[in-house]
Amino acid sequence: MLRTSLAVNLPLALYVHFPWCVRKCPYCDFNSHVAAGGIPEDAYVEALLRDLDFELREAPETRPLVSIFLGGGTPSLFSDRAVGTLLEAVAKRLAFAPGIEITLEANPGTVDAGHFRGYRAAGVNRLSVGVQSFDDAQLKRLGRIHDRRAAQVAVDVARAAGFDNLNLDLMFALPQQTLGAACDDLRAAIACAPEHLSWYQLTIEPGTIFGARPPKLPDNEAAWAIQQAGQAVLAEAGFAQYEVSAYARAGQRCQHNLNYWTFGDYLAIGAGAHAKRSQPGEHALQVTRRARRRSPQAYLDLAGSKAALDSVRRVGADELPFEYTMNALRLNDGFQLVDFERGTGLAAAALDAPLAQARRLGLIIEAADNVRPSAFGLAHLNDLLELFLP
Amino acid sequence: MPQSPSAKEMAGPQSRIRNFSIIAHIDHGKSTLADRFIHLCGGLSDREMQAQVLDNNPIERERGITIKAQAVRLAYTAHDGQVYQLNIIDTPGHVDFSYEVSRSLAACEGALLVVDASQGVEAQSVANCYTAIEYDLEVLPVLNKIDLPNAEPERVAAEIEDIIGIEAKDALKISAKTGEGVPDVLERLVERLPSPKGDAAAPLQALIIDSWYDDYLGVVSLVRVVNGRIAKGMKVRVWSTQADHEVSLLRVHAPKPEPRPSLECGEVGIMVAGIKQVDGAPVGDTLTDAARPCADRLPGFKRVAPRVFAGLFPVSADDFEDLREALAKLRLNDAALQYEPENSTALGFGFRVGFLGMLHMEIVQERLEREYGLNLITTAPAVVYEVAMRNGETRRIDNPAELPDPGEYDELREPIILCRLLMPHTCVGAVMKLCVDARGVQKNMVYHGSQVQMEFELPMAEVVMNFFDRLKSVSRGYASFEYEFLRFQPAPLVRLDVLVNGERVDALATIVHRDVAFSRGRDLTERMQSVIPRQMFDVAIQAAIGAKIIARTTVKALRKNVLAKCYGGDVSRKRKLLEKQKAGKKRMKQVGAVEIPQEAFLAVLQTDPKS
C-alpha cells in the first residue's frame, strides 16, 4: 500500500516488559512488582503473544525488526526456555532484520549459568547487567539483592555463555558518594571489560521509597564534578559518550536505544509497556503512543484485547518538534534536519524559532544540515528542550 | 407580582426605619452578631443560614475582614408590637479602609460599637467612632464575648468612656456566639436610634453608597434614599455626569434578594438603571429625578488621597489591556484606587497604582488575580516624596525610579504621619522601641487604666515597610494603631538601585534613609540571592547608590540540568517535568537573560535581618 510507505521509512523495534522483581529497589520508578509466590511464566509468555497478535491485527507490519529489548523488572527471572519460546513465536510473526540486536536485562542477583547459555542459544545476543555500583555499602543502601562479587561473577558467567556484547548499568551521585568513590566504581566496571556502559546520575523519582524519604545526595556542583572526572576516566578507557548517559566502545552502541533517540517506531508488549508507531498523515506523520495496563494480573487477564490498553495518545503535529528533539538532542551527534523531516513528516522550518533561541543561548552547534547540543547544551538539556515545547 | 407577607409588613412608614452600621475591630464578633440579628428576625431558615452572611466576598471570608459595604434589611417586631425595618450597612474594620467606613456611615443614623469584653478598645474602632460622631450618628456601645472566662465588661466599659468619651455605663453585655443578650440589642436600636429625617414628598435625592460592575446588568449601586422616593421605571439623573437612566430593577437583601417596586424615603437598597459605562455611577455621587431634579447635590463624604504607590505589571504583555479594564471596574466602587500607565524598562507596560495602605494594595492585587484571572508582578510599594528642585519648582514623585539626579534638587522631603497606638501597658517598651527604630518621634503618652495610648510621628515609608506585622508580633497581637498624614519633612534620603547582571532594574529601586542604605543594600542583595532560582548562567546582583556599588551577591549557575534517563517508555512524565519547568519560568519576568520571580520584586519590602 502506497500510503504506508512513509512510516515504513522508519525502523521498527520491539520492546517486551517483564514486570516482576525479587525486590523493589527504593529508587526505581519502573513498572515492577515483587514476585511473591513465583512467576506465572508460561501464562505470561502466552499473554505477550496474544498481545502481539492483537497489535498486529490492529495495524499489520511488514517492516523487519531491527532490535528486540527484553526489559523489566527482571527478565532474567524468566527461564531460558520461556525466553526461547517467546523469541521463536515473535520470529514467526515478524521478520528480523540482518544483524538484529536482541538484548536481555539481567540482575546480578539472579544469575544462572544454565539460563545464560540458554538465552544465548535462544538468540539473545546482548546482555545488560544492572550492576548499579561495585560498592557493597552503596548496593545495600540502594536495596540491591547482590554484592560486588556477584556482579563480577555475572560478567564472567555471561562471557562463558558466549555473550560478546555486554552492557553494565552503573549509577553515580549516590548517597554520600565522594568523587573518588564514584571513579573507583567506574574503574571496577571498566575492569569487567564490557562493550557498553550506561552511567547515569541517580535521580529521585516521585512514587518511590527515595521519593518519600529522600536520602542526602551530592549537590549539583558535586554531581557535576563527578561527571567531569568520570567522563575523563571513561574516555581514557576507550568509551565514547554518545548520549547523556550512554558510553560505548567503537561500533558497540545500543541499537535499540538509538532507535528511541532517533525517533524510530517500536512495538511494545507486556504490562505497562509503551509503544510508538507512525502512520502517514496529512500535514505530519500521525504518531500514536499506546501504553499497556501496568498491573501484571490485569495484563494476564486482558492481553489480546483492547481492554489491555491503558492509554492511547495521538501526538499532535504541534507537539512533534518537542517529541523529536527531546529524544534526538540527547545524542552528542544530534540529528540531521532531513532525519527530523523523515521522522515527523514536518518541514524543518518548524524548528526555526526554537533553534534560533537555542543558538542565541549557546545551547546548540549547527554545521550544514546537522544540529547537535553544545557541551553547555548537553549539561542544560532541560533548558534546551523546554524551547521546543508547544 | 404577589408580595410576601414579610415584605408587606416591612413597608411601614419612615418612623419605623432604623439605618445603622456596626463598628468593630477584626475578630471582635461583628459578623457573628449580624448573623444573630438575621436569625432572630427570621430572615433565613436554619438551613439557609450560611455562616457569616455579610462577608460574601471570598477574600473577605478568608481574611476575616470586611472590605466592601453590604446592606441587609431585616423586619423586627419590637416589644411595642410594631414591625421595624432595620438596615444594617456593613463597614470595613481595617485602618486602610477609613474611606469606606465614612461612606457607610454617611448613610446611617446610628452605629453599634462592638467591643470584645476580654480585649478592650482598639485604635481603629476609636477612629471609626470619631468619624461616626462627626457624622452626628448615635453610637451605642455593646460589650461582646461576655461568655469568655477572661471577659472584664466593667473594665472595658470604663475604657470606652475614658478613651472614646461616650457613655458606656449601661452598655449591653452580650455574647454573639451564644446569643445571650442579643434580643436586647435589637430592642435598644429601635428605642435609641433616630429614624431617617428626609422629606418623602420632596424631589428625589439619593446617595450612592457603593457601586460595582456586573457583566450582565452593568453598574449595580447600593443607594440610600435621603429625600423623595425611587420607583421602577423612573428616569434618574446622576449628578456628576448629568446623564439620565431608567431604573430597571430595585432590590433589597432581606437577606435573600427580593425585587421591590420602589425604595421609599429613608430606605436603603440596590438599584440597576442600565448604566453600562464603568464610571457611570461614582460612589458618593447624588441621584435625582430627571423629571423633577433636586436643588443641590448631597455632601457626599470625605475624599482621601492614596498614600502608597506600587507598579502593577502583567506577567504577559498581552494582558495589558485586560489589566486596564479590570482596574477600571475595580475603581468603580473603590474611589480611592488611582492609576496611570507606567512603562518600566524591566517590566514593560503596566500601571502605577495608588493605594490607601498595604492591605488595600494586597486586596486589590488579589482581586485582580482572582476575579480577573490576571497574572501580575507587583513592585515594592513606595510612598510619595516631595522634591524641591534647584529651579524652585516642587515636584511630587511616587516612583523611586523617577527621582531626579541629586544635582538637580536641593531637598528631598518624606511624608510624616501621626500614628496613634493603643496597647496594654505590658508591651509599651517593645512598641516604643519599634517606633524609635522606625525613626519615630514620641509626641504623647496617656494611661487609661491598663491600656496605654501613645502618639508617634513616623516617616510613612517606615510604616509601609511591614510595620503592621512587626507591631503585631512585638505586642502579641494586642497593640493596634491608626494614622493620619501630617506633613512633608526634609530627610537625608538616597535612591538605592539594584543591578542584575550589570543592568539597572528600575522596578527594584527604592528610596531609603542614608544611615541604613548600606545595611539595606546588603540585606536586599542577600534576599534576592535567595529568591532568584539558579539558572544556566551566573546572576550577579548588586546594590548601588549612584555609581557606587555597595553590596554584591551572585546566584551561581546550575552546573547541569538534565534528565539522566530517557528511554522509549513513559515520555509523558518527562514531558510534564519540562512543562512544569516552563510554567515556572512563565511566572517570572525576564530581565536580560535572567528570570526574576515575583518574590524578588517584593524582597525590597522586607527589612528584617535574615534569620
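Here goes a summary of the coordinates provided.

Calculation criteria
Residues numbered from 1 in each chain as written. Chains lettered and ligands numbered in written order. Predicted model: local features only at pLDDT ≥ 70, side-chain atom pairs only at ≥ 80, totals over all residues. Heavy atoms only, no water. Helix = DSSP H or I, 4+ residues; strand = E, 2+ residues; numbered from the N terminus. Buried < 20%, exposed > 50% of the residue type's maximum accessible area, 1.4 Å probe, protein only. Contact = heavy atoms within 4.5 Å. Areas by Shrake-Rupley, 256 points an atom, 1.4 Å probe, with all protein chains shown as cover. Pairing = 2+ DSSP bridges. Axes fitted to C-alpha atoms, helices over the stretch in contact; angles between N-to-C directions. Phe/Tyr/Trp six-rings, centres within 6.5 Å; stacked < 30°, edge-to-face > 60°. Parallel < 35°, antiparallel > 145°, perpendicular 65-115°, else oblique. Left-handed = near helix turned anticlockwise from the far one by under 90°. Expected span 1.5 Å × (residues − 1). Nonpolar A, V, L, I, M, F, W, Y, C, P; charged D, E, K, R; others polar. Buried area = accessible area lost by both parts, 1.4 Å probe. Salt bridge = Lys/Arg side-chain N within 4 Å of Asp/Glu carboxyl O. Polar contact = N/O pair within 3.5 Å; in protein donor to acceptor, adjacent residues only side chain to side chain.

**Comments concerning the overall build of chain A**
- When helices and strands are counted, chain A shows 16 helices and 17 strands.
- Within chain A, the fraction of its 390 residues that count as buried is 57%.
- Excluding contacts between residues fewer than 6 apart, the proportion of contacts in chain A whose partners are at least 24 apart in sequence is 72%.
- Of the roughly 15200 Å² of accessible surface on chain A, a fraction of 53% belongs to carbon and sulfur atoms.

**So, the overall build of chain B**
- Within chain B one finds 15 helices and 34 strands.
- Counting over 611 residues, chain B shows a buried share of 59%.
- Counting only contacts in chain B whose residues sit at least 6 apart along the sequence, the fraction spanning at least 24 positions is 70%.
- Accessible surface, chain B: about 25200 Å² in total, of which carbon and sulfur atoms supply 49%.

**As for the sheet that holds strand S3 (residues 83-89) of chain B**
All names here are of chain B.
- With mixed pairing, the six strands of this open sheet are ordered in space as S2-S3-S1-S4-S5-S6. Sheet topology places strand S2 (71-77) and strand S6 (172-173) at the edges, where each strand pairs with a single neighbour.
- Here S2 runs beside S3; their pairing, made up of seven bridges, is antiparallel. By the bridge assignment for S3, Ala75 is matched with Gln85.
- Against the sheet, helix H5 (residues 123-134) contacts strand S1 (17-24), strand S4 (110-116) and strand S5 (138-144), and its axis sits at roughly 155 degrees relative to S1.
- Relative to S5, helix H6 (residues 153-163) is tilted by about 155 degrees, and along the sheet it contacts S4, S5 and S6.

**Some words on the packing of aromatic side chains**
Residues and elements named next belong to chain B.
- Tallied over the full model, the rule gives 23 aromatic pairs over all chains.
- Seen in terms of ring centroids, Phe467 and Phe481 are 5.5 Å apart; in terms of plane orientation they differ by 70 degrees. Their pairing is edge-to-face. One end of the pair, Phe467, is in helix H12 (residues 467-474); the other, Phe481, is in strand S27 (residues 480-490), with 14 residues separating them in the sequence.
- For Phe467, a relative accessible area of 0% gives the class buried.

**Overview of the packing of helix H8 (residues 320-332) of chain B against helix H9 (residues 358-371) of chain B**
Residue and element names in this part refer to chain B.
- In contact at an axis separation of 11 Å, H8 and H9 are set at 125 degrees when each is read in the N-to-C sense. The orientation of H8 with respect to H9, classified from their angle, is oblique. Of the two possible hands of crossing, H8 and H9 adopt the one that is right-handed. Residues Leu323, Ala326, Leu327 and Leu330 of H8 pack against Val364, Arg367 and Leu368 of H9.

**Structural notes on helix H9 (residues 220-236) of chain A**
All names here are of chain A.
- For H9, spanning 17 residues, the distance from its first C-alpha to its last is 24 Å, which sits close to the expected 24 Å at 1.5 Å a residue.
- Within H9 the residues assigned to the buried category are Asn220, Ala223, Trp224, Ile226, Gln227, Gly230, Gln231, Val233 and Leu234.
- On its buried side, H9 packs onto strand S7 (166-172), helix H7 (179-191), strand S8 (196-201), strand S9 (240-243), strand S10 (246-248) and helix H15 (375-379).
- In the segment just after H9, Gly238 is the residue with positive phi, at about 90 degrees.

**With respect to the sheet that holds strand S12 (residues 249-253) of chain B**
All names here are of chain B.
- If you walk across this open sheet you meet the eight strands as S11-S10-S16-S7-S8-S15-S12-S13, and the pairing is antiparallel. If you trace the sheet from one side to the other, it starts and ends with strand S11 (243-246) and strand S13 (257-259), each paired once. Averaged over neighbouring strand pairs, the angle between their axes works out to 40 degrees when direction is ignored.
- Direction of pairing for S12 relative to strand S15 (residues 268-272): antiparallel, over a ladder of three bridges.

**Concerning the environment of Ala121 of chain A**
- Mapped onto the fold, Ala121 of chain A is located in helix H4 (residues 113-121).
- Each C-alpha atom, one on Ala121 of chain A and one on Gly84 of chain A, is 8.1 Å from the other, the two residues being 37 residues apart in sequence.

**Some points on the packing of helix H12 (residues 320-328) of chain A against helix H13 (residues 337-344) of chain A**
All names here are of chain A.
- Contact pair H12 / H13: the axes reach a minimum separation of 11 Å and the direction vectors enclose 125 degrees. Regarding the angle of H12 to H13, the classification is oblique. In terms of crossing hand, the pair formed by H12 and H13 is right-handed. Taking contact as the criterion, the partners of Leu320, Pro321 and Tyr324 in H12 are, on H13, Asp339, Phe340 and Thr344.
- The residue inventory of the contact of H12 with H13, partitioned by class, reads four nonpolar, one polar and one charged.

**Looking at the interface of chain B and chain A**
- Contacts between the two partners involve 26 residues from chain B and, on the opposite side, 40 residues from chain A.
- Three residues stand out in chain B for area buried against chain A, namely Met536, Lys560 and Arg575 of chain B, and they jointly supply 21% of the buried area on that side.
- Counting the contacts that link chain B with chain A gives seven salt bridges.
- Across the pair Lys585 of chain B and Glu386 of chain A runs a salt bridge, and its minimum N-O distance is 3.1 Å.
- Taken together, the connections running from chain B to chain A amount to 23 residue pairs in polar contact (both at pLDDT 80 or more).

**What about the pairing of strand S25 (residues 441-448) of chain B?**
Residue and element names in this part refer to chain B.
- Sheet analysis places S25 next to strand S26 (residues 451-459), joined by seven bridges and oriented antiparallel. Residue pairing in the sheet places Val446 in a bridge with Gln453 of S26.
- If you look at the hairpin formed by S25 and S26, you'll find two residues sitting between the two strands, and Gly449 has a positive phi there, around 60 degrees.

**Things to note about the side chain of Gln227 of chain A**
- Looking at where Gln227 of chain A falls in the secondary structure, it is placed in helix H9.
- Classification of Gln227 of chain A as buried rests on a relative accessible area of 12%.
- Separated by 2.4 Å, the side chains of Gln227 of chain A and Lys560 of chain B make a polar contact.
- Ignoring anything within four residues of it in the chain, the contact list for Gln227 of chain A reads Phe172 and Trp199 of chain A together with Lys560 of chain B.

**Examining unusual backbone geometry**
- Here Gly72 of chain A and Gly73 of chain A are connected by a cis peptide whose omega angle stands at 20 degrees.
- Mapped onto the secondary structure, Gly73 of chain A falls in the loop between strand S4 (65-72) and helix H3 (80-93).
- Even without being a glycine, Arg439 of chain B presents a positive backbone phi close to 60 degrees.
- With respect to the secondary-structure elements, Arg439 of chain B resides in the loop between helix H10 (428-437) and S25.
- At Asn501 of chain B, a residue that is not glycine, the phi angle is positive and equals roughly 45 degrees.
- Here Asn501 of chain B shows up in the loop between strand S28 (493-500) and strand S29 (503-504).
- Since its relative accessible area comes to 41%, Asn501 of chain B is described here as partly exposed.

Nothing here speaks to function; it is all geometry.
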